[in-house]
Structures are given as structure tokens and as C-alpha cells.
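Here is how the chains run, residue by residue.
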Amino acid sequence: MDRVEGLAKLTGRERYVDDLAIQGVVWGMTVRSRCPRGRIKRIHFGDGVDWSRFVVVDHRDIPGPNEILLIERDQPVLAGDRVRHVHEPIVLIAHESREMVRRAVAQVRVEYDPEPAYLDYRLPPRPGQIQFGEDNVLKRLCIEKGDVERALRGAAHVVEGVYETGAQEHVYLENQGMVAWVEDGVVAVKGSMQCPYYVLNAMSHALGRAADEVRVIQAPTGGGFGGKEDYPSNIALHAALLAIKGDRPVKIIYDRGEDLAATTKRHPATVRHRTGLDRDGRLIAQDIEVILDAGAYVTLSPVVLSRAIIHAGGPYACDNVRIRGRAILTNAVPFGAFRGFGAPQTHFAGERHMDVIAARIGVDPVDLRRRNLIRDGQSTSTGQVIHDGTDRVAVMDRALDLSGYRARQREHEAFNASHPYLRRGIGLATFHHGAGFTGAGEVFLKSVVHVVGLPDGRVEVRSANTEIGQGTLTAFSKVAQDRTGLDGESIVIAEPDTARVPNSGPTVASRTAMVVGHLIERACDDLRRILGVDADTRGQALRDAIIAWHADNPGREPVGTAQYRKPPGIQWDEDRYQGDAYATFAWAAYVAQVEVDLRTFATSVTSMTAVQEVGRVLNETLARGQIQGGVVQAIGWALLEDVAWKDGAMANAQLTNYIIPTSFDVPPTRVQFIENPYAHGGGGAKGLGELPMDGPAPAIVNAVAAATGTEATTIPLTPERLMGLVLNDDAA
Amino acid sequence: MTMPPDQQERISVALTLNGRAVRVQVEPNERLLDTLRYRLGLIGTKEGCGEGECGACTVSMDGVPVNSCLVPTWQARGRRIETIESVEPGRLGALLGSGATQCGACTPGVVMAACWIAEHRELLRTHTIRELMAGNLCRCTGYDGIIEGVQGLLDDGLAEDGRDG
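Definitions and cut-offs
- Residues numbered from 1 in each chain as written.
- Chains lettered and ligands numbered in written order.
- Predicted model: local features only at pLDDT ≥ 70, side-chain atom pairs only at ≥ 80, totals over all residues.
- Pairing = 2+ DSSP bridges.
- Helix = DSSP H or I, 4+ residues; strand = E, 2+ residues; numbered from the N terminus.
- Contact = placed C-beta atoms within 7 Å.
- Nonpolar A, V, L, I, M, F, W, Y, C, P; charged D, E, K, R; others polar.
- Core = buried A, V, L, I, M, F, W, Y, C linked by C-beta atoms within 7 Å.
- Buried ≥ 20, exposed ≤ 12 C-beta atoms within 10 Å, placed from the backbone.
- Axes fitted to C-alpha atoms, helices over the stretch in contact; angles between N-to-C directions.
- Domains from an automatic or database assignment.

K.L.:
Where do I start with the pairing of strand β2 (residues 20-26) of chain B in this structure?
P.N.:
Two faces, one strand: in a regular strand the side chains alternate between the faces of the sheet. Residue and element names in this part refer to chain B. Of the pairings in the sheet, the one linking strand β1 (residues 11-17) to β2 comprises seven bridges and is antiparallel in character. From the neighbouring strand, Thr16 faces β2, where its bridge partner is Ala21. Hairpin remark: β1 followed by β2, antiparallel, with two residues in the connecting loop; positive phi at Asn18, about 50°.

Below you can see the structure in the form of C-alpha cells.
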């Protein structure tokens, strides 16, 4: 089955927010702070501008509380008396000419009383830099299993390591954008987003309006990767405030520079490992500390930290585990959701550390993993007993076979011994990714899906889940087709419009196909119940039944409903951080080959192999595309994508010097799926979208370590960084 | 400092757009991308970065792919411009089947570059598809679906040439 909206995209007919033709629309832009922390003394509006021709909004124009409602309410919609990061929005301006509004923005000058900014989360804050509690720690979490200290005392080997990962920009190709208008007393927005109901709740809160006085519509969205999970609430509120005050529709479209600099990014992280092993190389103690830079506001950092620590122990069995995590408030631009949501950071550290352990205690990295990969019946760090029938060692062996791991190792040894300046290496990472919300998250969400019989006998799936490139429309259509026996033409996927669709939860956490897909199946069954037909009524018979129902019930529609139910046997203790952290995990083993040029210290990835067990694959082309896309995004994070910070701002907010991989920078990714249908996922699927972000970085850096004999611990492993490592090693 | 846009004199530019003669009044510093999108309603061409790095806004100028965000509209005077709207949808089956599009924001530019390669097969004597597509950033596909789709487009083209012959 081809992608449902594929031809519209290939021919440029898909209508993104900036493509919408709206009568009388004006352009909105944002005046931002230039100060990482301080009190706002005065705002000067330049004399050369006739301000009466512009709509101008500041915090005093916000009808409700000046808060972006998310986990906390600490982030203002527009700065009031103080700023906490350099891109904090302060004033909004609109005009029908985009060029005029650009010029006007440049004529607004904000005067500050600067306060000491806290910009490096790795250093303890000085007293003047404290902005939250006693130490700027926003959130602490801890997982404990067994007795780590005792196990470490009895260990044959104890290996320590510290690993660091940098910020990463999403670089969805479509920048953030939103239009807002007021219609019949309802404030409506339409734009680029992942989670319409997050935006609805934030608008309802800050505009002081009931939920039915606000309407949110997702426009086709040109990529998200988490960057359009929480941020669109900000831009939607900004557009709405301008539309309310100016009484005209408003469009805000960020240009690339503003989008790179001012929107959220992946949390920078530091992860410390202290690992105890017995004489046979079995893990007997894992003591792990995870520290995230949260940036200036809470956003989603507590849940990113949660996923980070839960994945920090890796896909291994170990009886004594202690994982302590903390997220720290700084005056950097707020960090937010990004594909993988904390797990890529801790998997980088954990999988790199496995190779460091192997080198220190003199065992083969493959054998070390073979010995410790979790077997059915064993438990994770939170005490979640794994019993899904997946052979995780077989997943690894498949990746080793496909990549020719052992043969390549031998070839590289010979090559490296003879070549004057090129060094080749191969590296492995084995990892897992929890699908769906963490812990009791899905239970709290209470997601609802409607499947509606239309008068002509077609079936409409109504959910708030969004197509952002990952294939929601195609996956939902496929699941509904399989469940109803109808063809693709007879399945309509509704536009995510909060006036029409129920809250089926956000499009995040690799949950859409798995959790919401399963709800669609159950809602299809419920539709049959409402129609009064047998559970095996399919295809034309179902169509006929829908048409007959409409004939009998004029003016109404049959709505099949399903609400999330916890799969049986799942238990989670939020206070003790114990139990089933996820309903299920996807499992994977990736192998990377690299070639390092010791003249330039540039690393090229020459081969990538990605083997994973993701439940049942709903659509081979789309699933493969998710893996390949994630792998390349992770190659960028591992080697190229270096956010240069200056006073808490991204100094390289351009694609000219924030470098993401081109086609010529990456090899093809060999993808293989091992299928093991998951009973509670749509069509048997588990989540897979985030998984490929986890494995490539450690596999690549392990390969670089094998090639060069260095102990690289920090990404992005840029040529400059690698040069430092290689030359220092030589000097030592 | 240049005059504000509402005080500037517009200039007149005549060009051939998707095979048709067009005359348009534009601001002197206007980008071809904006003229296409906001004056002429050809919104298939997308803006990705506005600085010639990403290729999302690729159009063909006298048969050569250019980043329309870097071309002042006056430079298109007397030239032949083709946009994504000129591409025959029936040609794109291979790109659909290979998964060459995901979010679609880079896709019109990718298709314009792919069509250019298809029309200049001699490029493949000295360059790989992977190399020729390096001017079009994509954040979704990891490029494999694009490379495979472009190869398919070339194969389909050859099959058609064969039939014609």
C-alpha cells in the first residue's frame, strides 16, 4: 500500500500552513529578548515607525493567566517583568506587509537590568545564579533495585565512565507556523503541530476561554520529531493574541534562523557509569547518574528525564541497579521533546560504556553483550519482567551476520596496519525502546477514538493523531481496512480538528500506530455493535449495514467508540519507580562501520545495519523509511550537529553552519525486521519511530574507538574533538 | 538603507513560467520564491532555509536547477522557469513506491532535482545519484527512499524511451 497522501506531496499539492490562502491575513512576528537573564526596565518603540499601522501585543493583552499550560505553568506566553533566556518572546507585532513587520521588529529596543545567567549545567551554580529551589534542580528521579554498593564491593571488576551528549536541533524541513482567526466567538488556530489537544488546553488556559470557545486544527505538517510537540502552544497563543487584538486573521511563519534559535532542542546530557562485573563478565551492579540541561523552563523535562533513566541500564539483566537522574534549570533556551526523548542520551552512554568495559576487562564487546542481554523471565532496572518471546541474542546475531561483523573486523585489522592515514572500524550497539507513554501515562491520557459510519457507507476514523511524515494516515487506513474489510477508498481519516475529533492523545512516544491503532480496531468493533451486525460482518455487508442504519436513523450518525484500557497484567508504582515502565519494548541491534582520515580527523560512516523487533510491520516501505530516517538523524547527532552556544543563544542558527547530513554524507542503511506480533498494538505493531535514534551514535563512536584506539566519550564527535583525542593519546 | 516596501517602485518582469508567458510586478529585491508563492499562487515550491542550503525551493531556470530563495525575481527576466506544478504526476510512481516522501516539505525540491537528473543522464557517467541529490536536504527519509526512487524514475524513463523506439 502506497502512502495515502504521497502523490499530493510529490506534486507539491499538499497544503501546509504557509500555503493556506486566507482573506485579509496579516503577518505576525516576535520581538525576543537579547538577554539571557534579567529584569525588563523599559521597551522603546522606535520613532521612525508609525505604530498606529501595526497590531502590537504584549503580556498585558493576555486575557487569562500569562502561562503556557503544560506539565508546569512556569513559562510565560510573553515575558512580563523579566526574561530567563535570550529568545524569550516579549512583544508581538503584525502588519499586512511581511517586510514592514520585519522592519518594525528591528525598531523595538528592550532595556534590561541583567542578572547573573546560569549557562553551564555541568558546573554548580553560584549563589547569584540560583533560580529554583536551592540548586536549580527542577526534578530528581531515582530507580533502585537490589543493593548496588554491596554488589560493587564484591565485584571482580569495577569500570567507570563519563559520557556527554550535545544539544540537537530538529530541523524539520517545514519551519513552525500557525494561522489564527476569530469566528463566531471561537478563537481558532490552524498550523504545523503534533498534538492539537495540547494546543487547545494551552489556549483555553491563557486566553481564559472554555474549551469549546477555542478550536485547533492541524495543517499538514512538514516534520516534527518532537519539535512540534510542545512548542506549537507558544506560537498558537502568539497568533491568537494578535488576531484577537487586531480583529484580523494572523499568520506567523518562522524563518529558519528564528526556528533554529528560539524553539526547543534535544536536552544536553551528562551520564556517569560505575559498573560492577563478576569474573565471567556478568553485570552485577550498575550505578548510573543522569544529568540533563533543562533550559530556562520546565517544558517536558521531567518526563524526558524519566524515559532517560528507565533506558539508562540498557537491554541487560542486572540484579543491583541504582539510577539517579536530575534535570537542571539553566538560562539556555528551553529544551524539549526530541525523537527518543532522553533515551538516545542514556543509550549513547550505556552502549559506549559497554565497549569501554570490554576493553578494560579484556573481553570481546559482542561476548559481553551476549552474556548480559536480558532473557525472557529476567527483569529490567524497574523490576519489569520481560516475557515477550523475543530472542534478543538472535536479534544481535542477525545484525552481526548481515554486517559481516567478524570478517570486517579482520579486514580492518589488516587495512589499518598497512594504511598510512586511513583507519577503519566496526561498532555494535544493542538497545531497546519503550513504546507508548511511560508508566501510568496512557492510563491518565484516557485516549478516545471514534469510528463513524458515513451516509454513503464509508467509514471515517476520527482521532487527534497527526500525520507529520511518519505515516499516520497510511497506518490508520491500513488498520481500519484490515478490521472492516473495506478498501482504502472507503476509509476516511478525519482532519485533526478539535471541533470534530475526540482526544486520542498526542502524536508522540512511538504510540500512534501501536496504541491509537489498537483503539481504531476496537472502535471498528464497537461500530458493528451499534449497527447491530455480527462481529464478522465485513466489506460490502458492513457498508450496506451502515447505509441501512442511516436510512433508519435520519440526521444521526453511528459512532463506534473505544477508550484506552491498560493491557492485562501491567502494574506501575510511580512513587517507587517500580514495575512495568512500558507496556512493551522494541528491541534492536545496530552495526556501524566507519573510516577515519587521520589527516583531517573526519569520520565517514561507510555502512549501517539496523535489525529490530518491532512487533508486526504494518507497511514495509514506511517502516523502513522510519528506520533509515532515524538512523541518518542520529548520524548527524553523533558526528556533525554541533550547537555553538554564546551567552545561552545558538550562535550557528543557520543551515550554513549547523550541519545536518546530506545524501552524500551517509551510506545506505540496511534494514531488517524480525516480526513478533504484539497483541495490544494496532495490527500487532509496536512503536518504532524513535527506536532508530537510539543505536547509531554509540555504534558509530564504538567503531571510531575501534578504528583509532581512542576512548571517545562525547558527541558530536567532530573532527576537532577527535583530533584532540588522537593527538593527546599520542602525546601520552 | 533601502526604502520601505510600500514606498518602493515596483518593477515589471516578463518570463516564461511552466511554458506560459507571464508578466509580473515585483519589488526590486523580491525573491523568485516569494513571487512564485505569494504573487502567482504557485505554492508547490516550499521555503526550507532561505539561504540556499536545503534545496526545498528548487525550481528549474533555463533547464538548470536553482534555489529560488537566492534568485532575485528580476534575474528571471526573459528566462524559462519551471516549477513543481509543471511535473506530470504520472511520472512519479517510482518515487511514491520507494518511500521518497515522508513529511513532504523537501519533496517538491527533491522531485525537481530528480527530474533534472532524468533529463541529463550524462551526469551519471561522472556522478552517483547520491552525489547529485546532495543539494536537497531531507530530515525524514535518510535518503535511501529518495535514491531508490530516482533510480526508479530513471529506469521508468528508459523503459519509455525503449517503447518509443
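K.L.:
Explain the interface of chain A and chain B here, please?
P.N.:
Frequently, the measure chosen for interface size is the accessible area removed from exposure when the parts meet. Opposite the 47 residues of chain A that make contact, chain B presents 45 residues. Listed by contribution, the elements that provide at least two residues to the side of chain A that touches chain B are α1 (6-10), α2 (98-106) and α16 (620-640) of chain A. Ranked by the residues each element gives to the side of chain A that touches chain B, the list is headed by α16 of chain A, at nine residues. Split by residue class, the side of chain A that touches chain B holds 16 nonpolar, 19 polar and twelve charged.

K.L.:
I keep staring at the nonpolar core and nothing clicks. Help me out?
P.N.:
In this structure, Ala180, Met203, Ala239, Ala240, Ile520, Ile700 and Val704 of chain A are the most contacted members of the largest nonpolar core, which totals 273 residues. Val704 of chain A has contacts with Gly425, Val594, Val596, Thr603, Ala712, Leu717 and Leu722 of chain A, leaving out every residue within four places of it along the chain.

K.L.:
Would you mind going over the sheet that holds strand β3 (residues 58-61) of chain B with me for this structure?
P.N.:
Pairing between the strands of a sheet is mediated by backbone hydrogen bonds and can be parallel or antiparallel. Residues and elements named next belong to chain B. The strand order across the open sheet built from five strands is β2-β1-β5-β3-β4, with neighbouring strands paired in mixed fashion. The outermost strands of the open sheet, each flanked by one partner alone, are β2 and β4 (64-67). Looking at each pair of strands side by side, their axes are set apart by 40° on average, direction ignored. This element, helix α3 (residues 107-119), spans β3 and β4 of the sheet and lies at about 40° to β3.

K.L.:
It is not clear to me how the domain arrangement of chain A should be interpreted in this structure. Could you clarify?
P.N.:
All names here are of chain A. According to the domain assignment, chain A contains domain 1 (6-115 + 170-262), domain 2 (269-438 + 578-731) and domain 3 (447-563). Using only C-alpha atoms to locate each centre, domain 1 and domain 3 end up separated by 33 Å. Listed by partner, the interface residues are 18 residues for domain 1 and 14 residues for domain 3. Counting only elements with at least two residues in the side of domain 1 that touches domain 3, the list comes to α4 (196-206) and β11 (214-218). When its residues are assigned to classes, the side of domain 1 that touches domain 3 shows nine nonpolar, six polar and three charged.

K.L.:
Looking at this structure, how should I read the domain arrangement of chain B?
P.N.:
Residue and element names in this part refer to chain B. Examined at the domain level, chain B breaks down into domain 1 (7-85) and domain 2 (87-164). Taken together, the contact pairs 14 residues of domain 1 with twelve residues of domain 2. At three residues, the largest contribution of residues to the side of domain 1 that touches domain 2 is made by β3. Its residues assigned to classes, the side of domain 1 that touches domain 2 comprises six nonpolar, six polar and two charged.

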